[in-house]
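Below are the chains, spelled out letter by letter.
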Amino acid sequence: MGKVLIIGAGGVGGVVTHKCAQVPDVFEEITLASRTIGRCEKIRDQLSRPIGIAAVDADKVAETVALIKRVKPDVVVNVALPYQDLAIMDACLETGVDYLDTANYEPPDEAKFCYKWQWDYQERFKKAGLMAVLGSGFDPGVTNIFCAYAQKHLFDEINTIDILDANAGDHGHPFATNFNPEINIREVTARGKYFEEGKWLKTDPLSVQMTFDFPGIGPKKAYLMYHEELESLAKNIRGVRRIRFWMTFSDNYLKHLEVLQNVGMTGIEPVEFEGHQIVPLQFLKKLLPDPASLGPRTKGKTCIGCLIEGLKDGKPRKLFIYNVCDHQECYREVQSQAISYTTGVPAMIGAMLMVTGVWKGAGVFNVEELDPDPFMDKLNLHGLPWHILEMA
Ligand code: NDP
């Protein structure tokens, strides 16, 4: 039925490729492109059906344009890094192809992520009659879909949303990040921020915590952080009064992070070292285990969901809508751990809904602006079943 071009052959790119390959009636042709061709070869060799591979530097619009013209995909799935978002969107506009990603644009020289840069493409995509779907991973992605589903079916009025992300996986390393270390550490060391009564309130990094009893995992300490889906949900969920995001970290992870921060290893300003300019965080990334290598060694589960409070039929309602994912089961299926899995499956589902015309539109959309029902059905079918826990 359609052709997909996947850009980025990291942990998430591997899962997207595996999952697209599992649905040959939708994705008849798959091309995986990335900066380092060896990464694409490795993923290609894991699959039981043939795919195309290509080398591309997606920072260079002309290279991506040439690739798109050769491959002629129906949709480009961008699972490279957030730095490439705008360049890939430009290439899609130039070639007339729909676009999907899992993380919002972030300039390389500033630890700041927000949707403004990508929302600014609204008119251009609209005018071109093209669709750009932003943030179709797990968080953002499934968490936004959970909120949209809750708004459509479970509540008449939503008052508060707490997005809770727990990873109880153990990879056996003293310190490693589950996805791109640079992006992960930039996110975790940033100040916390949440939305309340129309205002954005800031907190010091990891200074606010609570304990939540995660289904399938048990009680875990979770820390308030800023996360990109808060920005679009505050805009798109009617009447919501407060939205926060929480993530669990082990004491061991926080101990290492604190030391690395204190000695300046998480900085993003270049420093001169023996005649070379190096960015400490990029150097640290080089030293840390490659997230893709964590797959075979990670045991345990993730639980990510939305704790939502509001009114239904005039009565207060509070529920947790969530998914539990097992690292080892993911590895057995697609040779990746659950963090990449929970991101890659929703990216494939979003692309599937676009290719099959179930999600249609011209312009730039966050996933919660689209119909959540077909997405929720596909989550159950493609490896991320969800559950609703009614709370007292
Ligand atoms: P990785 O670092 O494992 O992979 C990124 C891949 O992109 C690498 O193969 C890298 O190539 C490639 N790449 C980097 N720069 C370029 C470029 N200029 N041109 C072409 N390819 C390039 O990251 P992940 O797979 O863990 O993450 C992928 C994306 O998913 C990120 O944007 C991340 O923020 C997002 N994400 C979203 C989540 C969500 O729930 N929404 C959760 C987790 C991740 P090379 O091998 O040459 O370095």
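Predicted model only: the values in this text are computed from it and were never measured.

Draft legend 1. Region of interest: helix α11 (residues 280-287). Within the sequence span of α11, burial applies to Pro-280, Leu-281 and Leu-284. On an axial view of α11, the arc spanned by its buried residues comes to 95°, and they lie on one face. The secondary structure elements touched by the buried residues of α11 are α8 (181-188), α10 (251-262), β13 (271-273) and β14 (276-278).

Draft legend 2. The arrangement of the sheet that holds strand β17 (residues 363-366) in detail. Within the open sheet, the 7 strands sit side by side as β3-β2-β1-β4-β5-β6-β17. Their pairing is parallel. Two strands close off the open sheet at either side, each with one partner strand: β3 (52-55) and β17. Taking each pair of neighbouring strands and ignoring which way they run, the sheet shows an average axis angle of 20°. Docked against the sheet, helix α2 (residues 37-44) engages β2 (27-34) and β3, running at close to 165° with respect to β3.

Draft legend 3. Just the domain arrangement of the chain, in detail. Structurally, the chain comprises domain 1 (2-137 + 341-381) and domain 2 (142-335). Taken residue by residue, the interface counts 39 residues in domain 1 and 32 residues in domain 2. Each partner contributes to the roughly 3,000 Å² buried at the junction of domain 1 and domain 2, and carbon and sulfur atoms together form 60% of this total. Applying the counting criterion to the domain 1 and domain 2 interface returns 5 salt bridges. As a salt-bridge pair, Asp-373 and Lys-152 come within 2.8 Å of each other at their nearest N and O atoms. At the junction of domain 1 and domain 2, the tally comes to 17 residue pairs in polar contact (both at pLDDT 80 or more). Counting only elements with at least two residues in the side of domain 1 that touches domain 2, the list comes to α1 (11-21), α5 (116-119), α13 (338-355) and α14 (372-381). For the side of domain 1 that touches domain 2, the element with the most residues is α14, which contributes 5 residues. Here the side of domain 1 that touches domain 2 is composed, by residue class, of 20 nonpolar, 8 polar and 11 charged.

Draft legend 4. View of the state of the cysteines. Within the structure shown, the criterion is met by 0 disulfides. Note on Cys-114: no disulfide assigned, nearest cysteine sulfur contributed by Cys-147 at a separation of 20 Å. Free cysteine: Cys-330, not disulfide-bonded; nearest cysteine sulfur from Cys-325 at 3.4 Å. The class of Cys-330 is buried, set by a relative accessible area of 2%.

Draft legend 5. The arrangement of the nonpolar core in detail. Among the nonpolar cores identified, the biggest contains 87 residues, and Phe-27, Ile-161 and Ile-321 are the most heavily contacted of them. Excluding its chain neighbours within four sequence positions, the residues that come into contact with Phe-27 are Gly-2, Val-4, Cys-20, Arg-49, Met-348, Ala-351, Met-352 and Val-355. Among the nonpolar cores identified, the runner-up in size contains 26 residues, and Leu-5, Leu-67, Ile-68 and Val-97 belong to it.

Draft legend 6. Expanded view of the packing of helix α12 (residues 327-334) against α13. Running from N to C, α12 and α13 point in directions that differ by 65°, and their axes come no closer than 8 Å. As for the relative orientation of α12 and α13, their crossing is left-handed in sense. Touching His-327, Cys-330, Glu-333 and Val-334 of α12 are Ala-338, Ile-339 and Tyr-341, all from α13.

Draft legend 7. Just the site of the ligand, in detail. Close to the ligand lie 28 residues, the nearest being Arg-35, Thr-36, Ala-58, Thr-102 and Asn-180. Between the ligand and Arg-35 there is a distance of 2.7 Å, counted from an oxygen atom to a side-chain nitrogen or oxygen. Relative to its unbound accessible area of 930 Å², the ligand is 93% covered by the protein chains. Among the residues forming the shell around the ligand, the class breakdown is 13 nonpolar, 10 polar and 5 charged. Per-domain counts for the shell around the ligand show at least three residues from each of domain 1 (2-137 + 341-381) and domain 2 (142-335).

Cut-offs and rules
- Residues numbered from 1 in each chain as written.
- Predicted model: local features only at pLDDT ≥ 70, side-chain atom pairs only at ≥ 80, totals over all residues.
- Heavy atoms only, no water.
- Buried < 20%, exposed > 50% of the residue type's maximum accessible area, 1.4 Å probe, protein only.
- Helix = DSSP H or I, 4+ residues; strand = E, 2+ residues; numbered from the N terminus.
- Arc of directions from axis to C-beta.
- Contact = heavy atoms within 4.5 Å.
- Pairing = 2+ DSSP bridges.
- Axes fitted to C-alpha atoms, helices over the stretch in contact; angles between N-to-C directions.
- Domains from an automatic or database assignment.
- Buried area = accessible area lost by both parts, 1.4 Å probe.
- Salt bridge = Lys/Arg side-chain N within 4 Å of Asp/Glu carboxyl O.
- Polar contact = N/O pair within 3.5 Å; in protein donor to acceptor, adjacent residues only side chain to side chain.
- Nonpolar A, V, L, I, M, F, W, Y, C, P; charged D, E, K, R; others polar.
- Disulfide = S-S within 2.5 Å.
- Core = buried A, V, L, I, M, F, W, Y, C linked by side-chain atoms within 4.5 Å.
- Left-handed = near helix turned anticlockwise from the far one by under 90°.
- Near = heavy atom within 4 Å.
- Areas by Shrake-Rupley, 256 points an atom, 1.4 Å probe, with all protein chains shown as cover.

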